[in-house]
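The lines below spell out each chain.
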Amino acid sequence: MNNVFPYRLYLVISEDACNGQPLNKVAEMAILGGVDIIQLREKFDTSEVFLKKAMSLQEVLYKYNVPLIINDNLDVARRSKAYGIHVGNSDLPPTVIREGWPECQCLGYSIEYLKQLISKETLVSDYLGISPIFDTLTKRDTVTQWGLAGLRQIRGITDKPLVAIGNMNAQNAYDVMKAGADCLAVVSAICGAADPEKAAGEIRGNIERAL
Ligand SMILES: Cc1ncc(COP(=O)(O)OP(=O)(O)O)c(N)n1
Ligand SMILES: Cc1nc(C(=O)O)sc1CCOP(=O)(O)O
Ligand SMILES: [Mg+2]
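Along every chain, residues carry numbers that run from 1 in the direction the sequence is written. For this description, chains carry letters from A and ligands carry numbers from 1, given in the order in which they are written. Local features are withheld for residues below a pLDDT of 70 in this predicted model, meaning they are given only at 70 or higher, and side-chain atom pairs are given and counted only at 80 or more; totals for whole chains, interfaces and linings count all residues.

Ranked by size, the top nonpolar core spans 68 residues in total, and within it Ile38, Ile130, Ala164 and Leu184 carry the most contacts. Any pair of residues counts as being in contact when their C-beta atoms, constructed from backbone geometry, are within 7 Å of one another. Excluding its chain neighbours within four sequence positions, the residues that come into contact with alanine 164 are Ile130, Ile133, Leu151, Val176, Ala181, Leu184 and Ala185. A set of buried Ala, Val, Leu, Ile, Met, Phe, Trp, Tyr and Cys residues, joined through C-beta atoms within 7 Å, is what we mean by a nonpolar core. Comment: burial labels come from other C-beta atoms within 10 Å of the residue's own C-beta, placed from the backbone, where a count of 20 or more is buried, 12 or fewer is exposed, and between is partly exposed.

Here is the structure:
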């Protein structure tokens, strides 16, 4: 297990979210703007296509020493030599990931219910995705939004690094960090922006202001 999670701005990227802009280009611009960790999330690709995208993205990320996290798919994570994987309640549990992939350096786990915080799955995870902070059109199969009050409550219960996700943007970044997040995870506010570098830079600036 890796207890160090120094990342502050986490891009969750998919080809669809990039609105026709090349995924690797969006990722590179986002890094230049201040993103320091990236998750590749392709919910509809075959494993073969997913793996190809992951390997291609790795070439960009190696250049900047930015870690790659793979969403859901353990086989793609292992074969692309990713830094880690993110799983939720409908995926392989973190304890199973630990057994199947001992080399995993960063294991993220989504928190939708308070009771999950006191569990062996949380214990073996490196960070927790607080799922979602605010409702978002990007992912509709969520349970309930935690809001800032829910995030504060979770901050009071666990010392694990907390990654806030769900409608994160430059307007709410400061308040979400002040409510206890360690890192913000973003899809549309960066991938869907006309200038992903500028968009990432604005969010990163507001994160830094809150530290
Ligand atoms: C950083 C981060 N947090 C939460 C999620 C959501 O994961 P999950 O609940 O497994 O849902 P899907 O992303 O698989 O649809 C995430 N991906 N990343
Ligand atoms: C991938 C993902 N997971 C979520 C969760 O709540 O677990 S919300 C989400 C999408 C976040 O997209 P946007 O930044 O466009 O709101
Ligand atoms: Mg999942």
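We now examine the site of ligand 1. With respect to spatial proximity, 18 residues lie near ligand 1, and among them Gly88, Ser110, Gly129, Ile165 and Ala185 are the closest. Its residues assigned to classes, the shell around ligand 1 shows six nonpolar, eight polar and four charged. All residues are tested the same way: a C-beta atom is placed from the backbone, and lying within 6 Å of a molecule or strand makes the residue near it. Here the term charged refers only to Asp, Glu, Lys and Arg, the term nonpolar to Ala, Val, Leu, Ile, Met, Phe, Trp, Tyr, Cys and Pro, and the term polar to all other amino acids, Gly among them.

Mean pLDDT over the protein chain stands at 97; residues scoring 70 or higher make up 99%. Both scores are available for the predicted complex, with the pTM at 0.98 and the ipTM at 0.99. Confidence of the prediction at every residue is given by pLDDT, a number between 0 and 100.

Now for the site of ligand 2. What surrounds ligand 2 is a group of 18 residues, the closest being Ser131, Pro132, Thr136, Thr138 and Ser188. Of the residues contributing to the shell around ligand 2, the split by class is seven nonpolar, nine polar and two charged.

Right, let's get into the UniProt feature "binding site: Mg(2+)" (unreviewed entry) in the protein chain. UniProt positions are given in the numbering used here, feature names are shortened, and annotations may be inferred rather than shown by experiment. Mapped onto the present numbering, the UniProt feature "binding site: Mg(2+)" (unreviewed entry) falls on Asp72 and Asp91. Spatial clustering of the annotated residues is evident: they stretch over 20 residues in sequence, but the largest pairwise C-alpha distance comes to 6.3 Å. The secondary structure listing takes helices from DSSP runs of H or I that are at least 4 residues long and strands from runs of E that are at least 2 residues long, numbered from the N terminus. Inspection of the secondary structure puts aspartate 72 in the loop between strand E3 (68–71) and helix H3 (74–79). Its 18 C-beta neighbours within 10 Å are what place aspartate 72 among the partly exposed residues. In this structure aspartate 72 touches Val87 and Asp91, once residues within four positions along its chain are discounted. Looking at the secondary structure, you find aspartate 91 in the loop between strand E4 (84–87) and helix H4 (94–100).

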